[in-house]
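Given next are the chains, with one letter for each unit.
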Amino acid sequence: MNAVAERECYGPGREPGKSAVKSVPSFVPLLAFSAVAILVRNFLPAWVFMWVIALALFAGSKWLVYCDEVEKAAVRSVRRSLGFLLGWPGMDARRFLSNDGVTAKPGRKEWIAAIFKTLAGVLIVWRASRVAMPQFPMIAGWIGMTGLILLLHFGTFQLLFLVWRAMGVNAMPLMRSPLRSKSLGEFWGRRWNTAFHELTMRFAFRPLQARVGPSSAMLIVFLLSGFIHELVITFPARGGYGLPTGYFMIQGLGMVAERSRLGQRIGLGGGRRGWLITLLIVAAPAYFLFPPIFIHRVILPMLKAMGAI
């Protein structure tokens, strides 16, 4: 990694490879929130529990990142701190909390694009998914889930990003045109869910890299990603265990192959071939990430409760 990336993850004065958190109490909310969520699983519908465990993991991780920035004296105002903790889904704490960097005001096209994606997500969830029901419930579930991703990650969160940017905050968008990715490294490292990438880089990849090397560290991070998705997907569905982990191990092995000499020789990391192979590796095993039992027990009941189907 270059010096800029090192400074982004560790801040000035912190050596690469060392733990980004010195105090154990920083982890307490993450463990406590997750434990409480798990304890109430049997009292909640599966789709409600999915949101509860997801929010517990998110809130605990948010506090963990925030504490790391407090430790580095990067927090400069209470207002900005509350904005980061309560009004922003990203994990880019150092950028968000500091006044470093110049932010350009968002243009009209950016607002229009974000609004369009939000409305498109609404139409897909509450219209397109209903068309597929009841003849094709599995398809209806996939349509509704896709619409929710578009509505939240590409629409609502992008609008929130534009609002913060308009206020002069140097936030990082969660999604950065992932369909343009020409390699798995570009997709998972720079374009898809930058919040999760920032989190794993801080607290998993960097410390592990110094001990086991970059390739092994990367595979461990993908294994960790699989475990986290098990908590949010198969644990609420009470079935399909291991499939999300299998999906992320495919991604990790794909990245190892992509960075190998043979992979570079045959063009896995760039150009049209790299784009096509990236799309296939990310999309083709999606069955493992969202198994049918998850669609039937979690997504479809949620869509029904929302009045979408």
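Report on the accompanying structure.

Parameters and conventions
- Residues numbered from 1 in each chain as written.
- Predicted model: local features only at pLDDT ≥ 70, side-chain atom pairs only at ≥ 80, totals over all residues.
- Heavy atoms only, no water.
- Axes fitted to C-alpha atoms, helices over the stretch in contact; angles between N-to-C directions.
- Helix = DSSP H or I, 4+ residues; strand = E, 2+ residues; numbered from the N terminus.
- Parallel < 35°, antiparallel > 145°, perpendicular 65-115°, else oblique.
- Contact = heavy atoms within 4.5 Å.
- Nonpolar A, V, L, I, M, F, W, Y, C, P; charged D, E, K, R; others polar.
- Core = buried A, V, L, I, M, F, W, Y, C linked by side-chain atoms within 4.5 Å.
- Buried < 20%, exposed > 50% of the residue type's maximum accessible area, 1.4 Å probe, protein only.
- Phe/Tyr/Trp six-rings, centres within 6.5 Å; stacked < 30°, edge-to-face > 60°.
- Salt bridge = Lys/Arg side-chain N within 4 Å of Asp/Glu carboxyl O.
- Expected span 1.5 Å × (residues − 1).
- Bend = angle between axes of the 7 residues up to and from the residue.

1. Side note on the packing of helix α8 (residues 184-191) against helix α14 (residues 271-283)
Link 1 in the chain: Closest axis-to-axis distance for the α8/α14 pair is 8 Å, and the angle between their directions is 65°. It follows that α8 is roughly perpendicular to α14 by the angle criterion. Facing Leu-184, Phe-187 and Trp-188 of α8, the residues of α14 in contact are Thr-278, Ile-281 and Val-282.
Link 2 in the chain: Partitioning the contact of α8 with α14 into residue classes produces five nonpolar, one polar and no charged.

2. As for the nonpolar core
Link 1 in the chain: Ile-53, Trp-188, Phe-290, Phe-294, Ile-295 and Ile-299 are the most contacted members of the largest nonpolar core, which totals 40 residues.
Link 2 in the chain: By residue number, the principal contributor to this core is helix α16 (residues 292-305), which donates seven residues.
Link 3 in the chain: Other than its neighbours up to four places away in sequence, Ile-53 contacts Ser-34, Ala-37, Ile-38, Leu-231 and Val-232.
Link 4 in the chain: Residues Phe-84, Ala-114, Phe-161 and Leu-199 belong to the second largest nonpolar core, which totals 17 residues.

3. Remarks on unusual backbone geometry
One can expect most non-glycine residues to show negative phi and most peptide bonds to be in trans.
Link 1 in the chain: Here the bond from Met-133 into Pro-134 is cis, since omega is 0°, no more than 30 degrees from zero.
Link 2 in the chain: Its identity as a non-glycine residue notwithstanding, Ser-177 has a phi of 50°, on the positive side.
Link 3 in the chain: Relative to the helices and strands, Ser-177 is located in the loop between α7 (137-166) and α8.
Link 4 in the chain: A positive phi angle, near 45°, is found at Asn-193, a position not held by glycine.
Link 5 in the chain: With respect to the element layout, Asn-193 can be found in the loop between α8 and α9 (194-212).

4. Focus: the packing of aromatic side chains
Link 1 in the chain: Scanning all chains against the criterion turns up 15 aromatic pairs.
Link 2 in the chain: Ring geometry for Phe-84 versus Phe-96: centroids 5.7 Å apart, planes at 50°, classification tilted. Taken together, the residues span a long stretch of sequence, with Phe-84 in helix α4 (residues 78-87) and Phe-96 in helix α5 (residues 93-97) at a distance of 12 residues. Like Phe-84, the residue Phe-96 is buried in the burial classification.
Link 3 in the chain: Summarising the aromatic geometry, the rings of Trp-188 and Phe-222 are spaced 6.2 Å apart at their centres and angled 85° between planes, so their arrangement reads as edge-to-face. Linking Trp-188 in helix α8 with Phe-222 in helix α10 (residues 214-232), this pair joins segments that are 34 residues apart in sequence.

5. Observations concerning the pattern of salt bridges
Link 1 in the chain: Here the structure, examined in full by the defined rule, presents six salt bridges.
Link 2 in the chain: Put simply, Glu-69 and Arg-202 hold a salt bridge, and the shortest N to O gap is 2.5 Å. Of the two residues, Glu-69 sits in helix α3 (residues 46-71) while Arg-202 sits in helix α9, which places them 133 residues apart along the sequence.
Link 3 in the chain: Given the relative accessible area of 0%, Glu-69 is considered buried.

6. Some words on α16
Link 1 in the chain: Counted at 1.5 Å a residue, the expected span for α16 with its 14 residues is 20 Å, and the 19 Å between its end C-alpha atoms agrees.
Link 2 in the chain: Its axis deflected by about 30° at Ile-299, α16 carries its strongest bend there, up to four residues before the proline Pro-301.
Link 3 in the chain: Listed in full, the buried residues belonging to α16 are Phe-294, Ile-295, Val-298, Ile-299, Leu-300, Met-302 and Leu-303.
Link 4 in the chain: Its buried side turned inward, α16 meets α3, α6 (108-132), α7, α10 and α11 (234-237).
Link 5 in the chain: After α16 finishes, the residue Gly-307 shows a positive phi value of roughly 80°.

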